[in-house]
Amino acid sequence: VVEKRIKMNAVASKVVLNLGRQTSTQLARRAFGSDAEPLVKTALNELHKEMGGDMVPFAGYELPVLYKGENGGVMKEHLHCRSPGKSSLFDVSHMGQIRWHGKDRVAFIESLVVGDIAGLAEGSGLLSLVTNENGGIIDDTVITNAGDYIYMVVNGACKHGDMAHFKKQMEDFEGEVCMDYLGDDMQLLALQGDGAASAMAKLLPSDFDLAKMGFMTGVDITLDGIEGCRITRCGYTGEDGFEIAMPMANAVSVASKLFEDPSVMATGLGARDSLRLEAGLCLYGNDLDETTTPIEGVLGWTMGGKGGRRRTEQGFLGADKILTPDGKFQKVARKRVGISGMRAPARDHTEIYDATGETKIGEITSGTFSPTLKKPIAMGYVATASAKAGTEVMLKIRNKMQKAQITKMPFVTTNYYKPE
């Protein structure tokens, strides 16, 4: 037994040591930059390099996958974000920020996405899905009612395709709507972790009560004397946190002010990926794509509850491929699930078999070694009949079968903030 434990610890240590390298490889596969296309540099590019950022191409941008040094690396950066009183700062300026104007903006957006935009109170936001005519997911997006406009954030790798799709739909729309893409003039940072609110408060006006700001709400605000900023209480880690938008000219100033707080650590894309997977959150292009419907992705909740307006009225692209005429979910052949119990990490495209190891029932779409749980975790798609939590499965990892089981997600407890 002792010998077996030593071997298992050795395997775990090897996985930890390789986590940064493997994450770099995974991110490289998702990179959309090339030698022929100069990478876009965010406002923090030089600051990243000064802080030891290991820069990689991602979605056409040059961004840090991790930071070198004694306290850097995917493992330490990940665990810092999960630690009490600590927070991590990510540069997510590759994301697409859009402001929608015009008196018919809500009606137009509701023709594109599955969520109830008309029902959003001023300052409130939600996660929604942009769908195509076949009910497939073009992108996932966070949308907020900003009062005079609708604020939308889309994925960096998808943003240009998204906007081409939006423009095409605008051609056939008879109402008044205007899309204002903010481009790189507005940068975006994400501050995540238990200590995020404390660090954020140091930049806010003295009369702003952050304790009243709940998860998925946002506001235009002045930060550290800088006008034209916006904060949204949301993120991609399962922790409390904020996405912070500011003019490009002021991004270094805002980041530097946050880094004055010793509890804030610069964190790269590698830890962002492992944090989101622990939280059971999807990565577009891996876990979601244009062939996947919200029901297959187990994201039906983004359309509201049974009998809700969007499920009964529908009216968005592909609704007839997702819902029945009375608003029920259409039956699907596969579903997204969590997977754990395997000895070695199962990377994307790993084949999933039934408990006998004879019948292929699905495929892994994301997998890693969980720094928090200290074990491999993954998500993927399996045949609906095998999607129940606790179902025993086999994974074909490096041509060897390993036992695993279907698991509920998230893998860790989420800590989204709700005002008392």
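Here, every reference points to the structure presented above.
Residues numbered from 1 in each chain as written. Predicted model: local features only at pLDDT ≥ 70, side-chain atom pairs only at ≥ 80, totals over all residues. Heavy atoms only, no water.

## What to know about the sheet that holds strand β8 (residues 150-154)
Right, on to step 1. Pairing within the open sheet is antiparallel, and its 5 strands lie in the order β6-β7-β8-β5-β9. With one partner strand each, in any of the chains shown, β6 (125-131) and β9 (178-181) form the two edges of the open sheet. For this sheet the average axis-to-axis angle between neighbouring strands, irrespective of direction, equals 30°.
Right, on to step 2. Here helix α5 (residues 159-171) sits on the sheet in contact with β5 (96-101), β6, β7 (137-145), β8 and β9, set at roughly 165° to β9. (Pairing = 2+ DSSP bridges. Helix = DSSP H or I, 4+ residues; strand = E, 2+ residues; numbered from the N terminus. Axes fitted to C-alpha atoms, helices over the stretch in contact; angles between N-to-C directions. Contact = heavy atoms within 4.5 Å.)

## Some words on the side chain of T232
Right, on to step 1. Mapped onto the fold, T232 is located in strand β12 (residues 226-232).
Right, on to step 2. With a relative accessible area of 5%, T232 lands in the buried category.
Right, on to step 3. Apart from residues no more than four positions distant in its own chain, T232 is found in contact with T144, Y151, M213, T217, G218, G241, F242 and E243. (Buried < 20%, exposed > 50% of the residue type's maximum accessible area, 1.4 Å probe, protein only.)

## As for helix α4 (residues 105-112)
Along an α-helix, residues three or four positions apart point the same way, because every turn accommodates 3.6 residues.
Right, on to step 1. Where α4 is concerned, the buried positions are R105, F108, I109, E110 and L112.
Right, on to step 2. In this fold, the buried residues of α4 make contact with β5, β6, β7, β8, α5 and α9 (309-313).

## Quick notes on the state of the cysteines
A disulfide bridge is the covalent bond that connects two cysteines by way of their sulfur atoms.
Right, on to step 1. Counted by the stated rule, this structure contains 0 disulfides.
Right, on to step 2. The thiol of C158 is unpaired, and the distance to the nearest cysteine sulfur, on C282, comes to 13 Å.
Right, on to step 3. Given the relative accessible area of 10%, C282 is considered buried. (Disulfide = S-S within 2.5 Å.)

## Description of the pairing of strand β18 (residues 375-383)
Right, on to step 1. For β18, the tally of buried residues reaches 7 of 9 residues, placing the bulk of the element in the interior.
Right, on to step 2. When strand β15 (residues 334-340) meets β18, the two strands line up antiparallel, connected through 7 bridges. Bridged to R334 within β18 is A383.
Right, on to step 3. For strand β17 (residues 360-370) and β18, the ladder comprises 8 bridges, and the chain directions are antiparallel. Along β18, the bridge assignment pairs T368 with I377.

## Some remarks on the nonpolar core
Right, on to step 1. Formed by 26 residues in total, the largest nonpolar core has its most connected members in L191, M200, L223, I231, F242 and I244.
Right, on to step 2. Looking at this core, the elements that each hand over two or more residues are β10 (186-192), α6 (196-201), β11 (218-223), β12, β13 (241-247) and α7 (251-259).
Right, on to step 3. With sequence-adjacent residues up to four places away left out, I244 is seen in contact with Q187, L188, L189, L191, M200, L223, R230, I231 and L258. (Core = buried A, V, L, I, M, F, W, Y, C linked by side-chain atoms within 4.5 Å.)

## A few points about the packing of aromatic side chains
Right, on to step 1. In this structure the tally under the stated criterion is 4 aromatic pairs.
Right, on to step 2. Here W100 and F108 contribute two aromatic rings whose centre-to-centre distance is 5.5 Å and whose plane-to-plane angle is 50°, an arrangement assigned as tilted. The same class applies to W100 as to F108, namely buried.
Right, on to step 3. Their ring planes at 20° and their centres at 4.3 Å tell us that F215 and Y416 sit as a pair that is stacked. Pair noted here: F215 is in the loop between α6 and β11 and Y416 is in the segment after β20 (400-407), with a separation of 201 residues, a long-range link.
Right, on to step 4. In textbook terms, an aromatic cluster arises when at least three aromatic residues are bridged by ring pairs, as seen for W100, F108, F166 and F173.
Right, on to step 5. The ring of Y149 carries R99 above its face, with NZ or CZ at 5.2 Å from the centroid. (Phe/Tyr/Trp six-rings, centres within 6.5 Å; stacked < 30°, edge-to-face > 60°. Lys NZ or Arg CZ within 6 Å of the ring centre and 35° of its normal.)

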